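# Coordinate analysis (summary)
So you can see what is in the structure, the chains are spelled out below.
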Amino acid sequence: MQPLPTPCPADQVPDATAVEAFNAAHKQAKRQNTVSIAVENQGRHWTVKADALTTCPDHTVVDDAYDAIRSAVIRLIRAWEIRSDSSAGPVYFVLYNVKTEGRARELAAALHAALYGDLAPLTHAVPETSP
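I will try to describe carefully the structure that is included in this document. Everything quoted here is computed from the prediction, not taken from an experiment.

## Observations regarding the pairing of strand β2 (residues 45–51)
- Counting buried residues along β2, seven of its seven residues qualify, which places the element largely inside the surrounding structure.
- The alternating pattern of β2 places H45, T47, K49 and D51 and W46, V48 and A50 on opposite faces, both of which are buried.
- When strand β1 (residues 36–42) meets β2, the two strands line up antiparallel, connected through seven bridges. Pairing of V39 across the sheet is with V48, part of β2.
- Bridging between β2 and strand β4 (residues 92–98) involves five bridges; their strand directions are antiparallel. If you follow D51 over to β4, its bridge partner there is Y92.

## With respect to the environment of R103
- Checked against the element boundaries, R103 lands in helix α3 (residues 101–114).
- Put simply, R103 and Q28 are 75 residues apart on the chain and 23 Å apart in space, counted from C-alpha to C-alpha.
- Excluding its chain neighbours within four sequence positions, the residues that come into contact with R103 are L76, E81, V98, A125 and V126.
- A polar side-chain atom of R103 sits 3.0 Å from the main-chain carbonyl oxygen of A125.

## Let's talk about a nonpolar patch on the surface
- Among the surface-exposed residues, L53, V91 and Y92 lie close enough to one another that they form a single nonpolar patch of about 270 Å² accessible area.
- Within the fold, V91 resides in the loop between β3 (87–88) and β4.

## Side note on the packing of helix α2 (residues 63–78) against α3
- One way to put it is that α2 packs onto α3 with a least axis distance of 10 Å and a crossing angle of 160°. By the angle between their directions, the pair α2 and α3 is classed as roughly antiparallel. Contact residues: A65, I69 and L76 in α2; R103, L107, L111 and A114 in α3.
- Of the residues assigned to the contact of α2 with α3, the class counts are six nonpolar, no polar and one charged.

Cut-offs and rules
- Residues numbered from 1 in each chain as written.
- Predicted model: local features only at pLDDT ≥ 70, side-chain atom pairs only at ≥ 80, totals over all residues.
- Heavy atoms only, no water.
- Buried < 20%, exposed > 50% of the residue type's maximum accessible area, 1.4 Å probe, protein only.
- Helix = DSSP H or I, 4+ residues; strand = E, 2+ residues; numbered from the N terminus.
- Pairing = 2+ DSSP bridges.
- Contact = heavy atoms within 4.5 Å.
- Polar contact = N/O pair within 3.5 Å; in protein donor to acceptor, adjacent residues only side chain to side chain.
- Patch = residues over 30% accessible without salt bridge, like charges linked within 9 Å, V, L, I, M, F, W, Y side chains within 5 Å.
- Areas by Shrake-Rupley, 256 points an atom, 1.4 Å probe, with all protein chains shown as cover.
- Salt bridge = Lys/Arg side-chain N within 4 Å of Asp/Glu carboxyl O.
- Axes fitted to C-alpha atoms, helices over the stretch in contact; angles between N-to-C directions.
- Parallel < 35°, antiparallel > 145°, perpendicular 65-115°, else oblique.
- Nonpolar A, V, L, I, M, F, W, Y, C, P; charged D, E, K, R; others polar.

Given below as C-alpha cells:
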C-alpha cells in the first residue's frame, strides 16, 4: 500500500470496504503517524471513517477545526445527507449513509484536511447555508 499524502485528496482515500482493507488502511496510517481516513461501501450507501488516534503524539487538532467539523456534521444531518448517529469526534469520526462514493470521498478528503488545520475543503464540501 502506497503512503498517503497528508492531507489526502479524494481520489486517494482508501476504500476500506472489506475488513482486510480497513485493517490495511488503518495499519498504514499508524505506520505513517497520520490520521487514518477511509470510505466503506455499506450496500447502497457509503461510510466515511477517520481516526486521529493513529497520529504521532504531538499532532493536535485546534478547537476551530473541531468546531468546524461538528458544525459541518450537523449541517449534513439536517440536510439528510448522513444519518443522525454519525460521529463528530473528538478522535473518531464516522459519517454514515452517504449516497455516493464520490460524495463520500469528497467528505473524507475535506475531513482529513480539517484534521490537519485546512478548513477550506470542508467549507467547500459543506457550505454554510444562509438563514
